[in-house]
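This is what each chain is made of:
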Amino acid sequence: MSERQLPDFVERDVDLTTRTTLALPGRAALYAEIRDAGQLAMLAGENARRRFVLGAGSNLVLTGDFDGLLLRMAIRGRELIGDDESAWYVRAGAGENWHQLVLWTLAQGWPGLENLALIPGTVGAAPIQNIGAYGLEVAERFQSLEAVDLATGQTLRLDHAACRFAYRDSVFKQEGWHLNGQRVITRVTFRLPKAWQPLTGYGELAAEADRQQIRQPHPQAVPNAHFRPNLRSNPGPTPRQVADAVIAVRRRKLPDPAALPNAGSFFHNPQVSAALAERLASAHPGLPRYPQADGRVKLAAGWLVEHSGWKGRDLGRVGMYEKQALVLVNRGGASGAEVGALARAVQTDVRERFGVELTPEPVFL
Ligand code: EPU
């Protein structure tokens, strides 16, 4: 398809500064707001130029102008498509706001997403990144998704196994998928188990739940073995209370992008060998360590950044946030180059001090 034949809904030379939560400057040569899968079919076969799919732009570092075709995902709609003995199945358009979906499912009486409240971004981005917070990853609530292949215009359906979910990772980060705009996620179906259990074990969430006095006493924590908690006076938290506790923790630690532009955690939590984790812990007793099923140990990148002297420290117009050192913030008017320079400076200092390599979590475009 030549440029002349591009459909009417494709705009030219569009400013992207307000389209990403880091608020970095840049323009897209071609830009299309995608409201239904039919528009994607109209773009099928148009393989000549670079493409990129943009959701809410909450995990993206714009390094400058984009000379290709930017597809802004705006497919809406959310519905209960069915239920069985074990679960409710909820389907949502890829362009739906993630947090609004969480609140809506809770209001409908279908709990299960509450630990993921207030995560910025869209429904379509959630499986790409396998978003996670406070002891839950979206993979644990995922049923299937639909995508359109822009080479053929055909719709694909992927089940859980096909998505190859891992920590902040999935098949969608591989070549040929979303990030280079070849196959585009259009709708996602979630599986919300009817046997609901509050997940309030994650450190800071547990503390917040205790503060709000919504956590059920754990029987093993009660010294008198005959004592049973009075379930009527303390029935444990409701899903909405868990969501409110999550929202309270996030508001305290993570800056609102509307007030202080950022892209959430800027680095992955690194996984290192047990031997290296052991060596580091004996040199640095406070080092948080999370042993993984495969024998490796996950370290807290925020702790490493803080203990390399970067918490609350700026470089040019960007800095590492004072309340959560893993969040890179734009203090105002920064460029993608400044973000890159700070990221490299932090990586260098963490490498020199701890011998650990940090990898950026957001996508660079
Ligand atoms: N820590 C520090 N200093 C800091 C920040 C953290 O010492 O400045 C320590 C904390 O005290 C704690 C540990 O590091 O012992 C972990 O910190 P926290 O619980 O804040 O979580 P995180 O590992 O920094 C991850 C996710 C977040 C998610 C939270 C809660 C990654 C890269 N980040 O952060 O996800 O909200 O857990 O589950 O896995 C995101 O991906 O954008 C994101 C915000």
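The rules behind each value
Each chain has its residues counted from 1, running along the sequence as written. Predicted model: local features are reported for residues with pLDDT of at least 70 only, side-chain atom pairs are reported and counted for 80 or more only, and whole-chain, interface and lining totals are derived from all residues. Hydrogens and water are ignored here; the side-chain numbers use all heavy atoms of the structure. Throughout, nonpolar core names a set of buried Ala, Val, Leu, Ile, Met, Phe, Trp, Tyr and Cys residues whose side chains join them through atoms within 4.5 Å. Each residue's exposure class comes from its accessible area (1.4 Å probe, protein chains only) as a fraction of the maximum for that residue type: buried when under 20%, exposed when over 50%, partly exposed otherwise. Helix and strand labels come from DSSP, where a helix needs a run of H or I of at least four residues and a strand needs a run of E of at least two; each type is numbered from the N terminus. Domain borders in the structure are assigned automatically or taken from a domain database. Residues count as neighbours in contact if any of their non-hydrogen atoms are within 4.5 Å of one another. Only strands joined by at least two bridges in the DSSP assignment are considered to pair. Angular values range over 0 to 180 degrees, each being the angle between N-to-C directions of two axes fitted as lines to C-alpha atoms, with helices fitted over their stretch in contact. Proximity criterion: a residue is near a molecule or strand once any of its heavy atoms comes within 4 Å of it. Throughout this description, a polar contact denotes any pair of N or O atoms lying within 3.5 Å of each other; where both atoms belong to protein, one of them has to be capable of donating a hydrogen while the other can accept it, and for residues adjacent in sequence the pair is counted only when both atoms sit in side chains. To be clear on the numbers: accessible area is Shrake-Rupley with a 1.4 Å probe, and residue cover counts the displayed protein chains and nothing else. Multiply 1.5 Å by the residue count of a helix minus one, and that product is the helix's expected span. By convention in these notes, a salt bridge is any Lys or Arg side-chain nitrogen within 4 Å of a carboxyl oxygen on Asp or Glu.

K.L.:
Kindly report on the nonpolar core, identifying the contributing residues and their values.
P.N.:
The biggest cluster of nonpolar side chains holds 60 residues, and the ones touching the most others in it are Leu-71, Trp-98, Leu-101 and Phe-172. Per-element accounting of this core gives the leading share, six residues, to helix 6 (residues 239-253). Residue assignment places this core across two domains, with domain 1 (3-73) and domain 2 (203-253) each supplying three or more. Sequence-distant contacts of Leu-101, defined by excluding residues within four places in its chain, comprise Arg-78, Val-90, Ala-92, Leu-113, Val-123 and Phe-190. With 46 residues, the next largest nonpolar core counts Val-61, Ala-300, Val-356 and Leu-365 among its residues.

K.L.:
Give a detailed account of the sheet that holds strand 19 (residues 327-330), specifying residues and quantitative values.
P.N.:
Strand order across the open sheet formed by four strands is 13-19-18-17, with antiparallel pairing between neighbours. For this open sheet the edge positions go to strand 13 (262-265) and strand 17 (314-315), each flanked by a neighbour on one side alone. In this sheet, strand 19 lies alongside strand 18 (residues 318-320) in antiparallel orientation, the contact comprising three bridges. From the neighbouring strand, Gly-319 faces strand 19, where its bridge partner is Val-329. Against the sheet, helix 9 (residues 336-354) touches strand 17, strand 18 and strand 19, its axis set at about 30° to strand 18.

K.L.:
So what about the pairing of strand 10 (residues 142-149)? Which residues, and what values?
P.N.:
Extensive coverage of strand 10 is indicated by the burial of seven of its eight residues. Pairing between strand 10 and strand 12 (residues 183-193): seven bridges, direction antiparallel. Each bridged residue has a counterpart across the sheet, and for Asp-149 the counterpart in strand 12 is Arg-183. Two successive antiparallel strands, strand 10 and strand 11 (residues 155-159), enclose a turn made up of five residues, where Gly-153 displays a positive phi of approximately 80°.

K.L.:
Kindly report on the sheet that holds strand 3 (residues 51-54), identifying the contributing residues and their values.
P.N.:
Spatial ordering of the open sheet is given by 1-2-5-3, a layout of four strands whose pairing is mixed. Unpaired on one side and paired on the other, strand 1 (10-15) and strand 3 mark the two borders of the sheet. Between one strand and the next, the sheet's axes are offset by a mean angle of 35°, whatever the strand orientation. Bridge analysis of strand 3 against strand 5 (residues 66-73) gives four bridges, and the strand direction is parallel. Bridge pairing in strand 5 places Arg-51 opposite Leu-69.

K.L.:
I'd like to hear about the site of the ligand, residue by residue, with values.
P.N.:
Surveying the vicinity of the ligand reveals 24 residues, the closest of which are Tyr-134, Tyr-167, Tyr-202, Glu-306 and Ala-325. Between an oxygen atom of the ligand and a main-chain N or O atom of Tyr-134, the distance comes to 2.7 Å. Between the ligand and Gln-324 there is a distance of 2.8 Å, counted from an oxygen atom to a side-chain nitrogen or oxygen. Isolated, the ligand exposes 820 Å² of accessible area, and the fraction of that covered by the protein chains is 83%. Secondary structure elements with two or more residues in the shell around the ligand: strand 8 (132-133), helix 6, strand 13 and helix 8 (301-306).

K.L.:
Give a detailed account of helix 6, specifying residues and quantitative values.
P.N.:
Here helix 6 contains 15 residues, and its C-alpha end-to-end distance of 21 Å stays within 8% of the 21 Å for a straight helix at 1.5 Å per residue. Of all the positions in helix 6, only Pro-239, Val-242, Ala-243, Ala-245, Val-246, Ile-247, Val-249 and Arg-250 are classed as buried. Check the buried side of helix 6 and you find it contacts helix 2 (98-108), strand 8 and helix 5 (203-211).

K.L.:
Kindly report on the pairing of strand 7 (residues 87-93), identifying the contributing residues and their values.
P.N.:
Taken across its seven residues, strand 7 has seven buried, putting it largely inside the fold. Connecting the antiparallel pair strand 6 (residues 78-83) and strand 7 is a turn made up of three residues.

K.L.:
Give me unusual backbone geometry: which residues, what numbers.
P.N.:
Non-glycine residue Tyr-134 carries a positive phi angle of around 50°. With respect to the secondary-structure elements, Tyr-134 resides in the loop between strand 8 and strand 9 (136-137). Positive phi outside glycine occurs at Gln-213, with the angle close to 55°. With respect to the helices and strands, Gln-213 occurs in the loop between helix 5 and helix 6.

K.L.:
Describe the pattern of salt bridges, naming the residues involved and giving the relevant values.
P.N.:
Here the structure, examined in full by the defined rule, presents 21 salt bridges. For Glu-208, the salt bridge is made with Arg-252, and the minimal N-O distance between the two is 2.8 Å. Taken together, the residues span a long stretch of sequence, with Glu-208 in helix 5 and Arg-252 in helix 6 at a distance of 44 residues. A residue is classified by how much of its surface remains accessible, and Glu-208, at 4% relative accessible area, is buried. It is possible to trace a salt-bridge network through shared partners that takes in Glu-79, Arg-91, Glu-146 and Arg-187.

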